[in-house]
Amino acid sequence: MSSVNPGFISHELFHRYTWLLPETHDKWYYYIPRQNKNFQISYQNFNKSVDKELKELVGYLQSKNIGTTPSCAGHFHKPSEYYKVYKLLQEDEQKIKDEGMFFFDYEKGKYYFVRDEEYKLPFQIDEFIIEGVEYQKKGVVGITSKDEKKLEKIKDLQHDKFKKKIDGDVVIFLTKAENEKQNKSNWKSFTDLIKTSF
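This is a predicted model, so every value here is computed, not measured.

Undergrad: Talk me through the packing of helix H1 (residues 52-63) against helix H5 (residues 180-197); I want residue IDs and the actual numbers.
TA: Between H1 and H5, the least distance of the axes is 9 Å, while the angle of their chain directions is 15°. Taken together, H1 and H5 sit at an angle that is classed as roughly parallel. Between H1 and H5 lies a crossing whose hand is left-handed. Packed against H1, whose contacting residues are Glu53, Leu54, Glu56, Leu57, Tyr60 and Leu61, the element H5 presents Asn183, Trp187, Phe190, Thr191, Ile194 and Lys195 at the interface. For the contact of H1 with H5, the class distribution of residues is 7 nonpolar, 2 polar and 3 charged.

Undergrad: Run through the environment of Asp92, naming residues and quoting values.
TA: Among the structural elements, Asp92 can be located in helix H2 (residues 79-97). Distance from Asp92 to Lys120, taken between C-alpha atoms, is 9.9 Å for residues 28 residues apart in sequence. Sequence-distant contacts of Asp92, defined by excluding residues within four places in its chain, comprise Pro22, Thr24, His25, Tyr30 and Met101.

Undergrad: An account of helix H3 (residues 125-135) is needed here, citing residue identities and associated values.
TA: Within H3 the residues assigned to the buried category are Phe128, Ile129, Gly132 and Tyr135. All buried residues of H3 fall inside an arc of 145° around its axis, so they share one side. Opposite the buried face of H3, by more than 90 degrees, sit the exposed residues Asp126 and Ile130. Against H2 and strand E6 (138-144) lie the buried residues of H3.

Procedures and definitions
Residues numbered from 1 in each chain as written. Predicted model: local features only at pLDDT ≥ 70, side-chain atom pairs only at ≥ 80, totals over all residues. Heavy atoms only, no water. Axes fitted to C-alpha atoms, helices over the stretch in contact; angles between N-to-C directions. Helix = DSSP H or I, 4+ residues; strand = E, 2+ residues; numbered from the N terminus. Parallel < 35°, antiparallel > 145°, perpendicular 65-115°, else oblique. Left-handed = near helix turned anticlockwise from the far one by under 90°. Contact = heavy atoms within 4.5 Å. Nonpolar A, V, L, I, M, F, W, Y, C, P; charged D, E, K, R; others polar. Buried < 20%, exposed > 50% of the residue type's maximum accessible area, 1.4 Å probe, protein only. Arc of directions from axis to C-beta.

Written out as structure tokens, the structure reads:
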């Protein structure tokens, strides 16, 4: 397969990619372009990959046959944690160049093998740390349905802590918090909104 990318992309574009966890650690996801818009989850342990703030929301929507796209609750790590993550990504870089390594797709329960002699991290350590701290304050979840009535209801949802973007039949909800307490509150109230709406 073509090479993977660990770079920063706009949260509102998360649903356009397949997200892969490296075999070496669970600290950072890589992505590849999504081949189709099928967001049906086929891996029974998918919930293990969902951020804790989103588990109730995603589980509830799926129980109602409403699809969710790749998501992120937002995170609040110190710069020292991003330094450690960068070192792991450097180790991945070397392994991808040398013997290659496996990546796991939690949506489909599928492994991908990547070996690329020209693979290179898309950022230097300083820019990774600075951008990472701000980037991960943001959270996102996409919601979609093949049921037109449900889809229209999703499109009509409003929440004062979330911005809404629509990309075809995917409705993207974006939020940003300055700390874990605020972030947890945002997702709890959004989950309550969903549960009273469906």
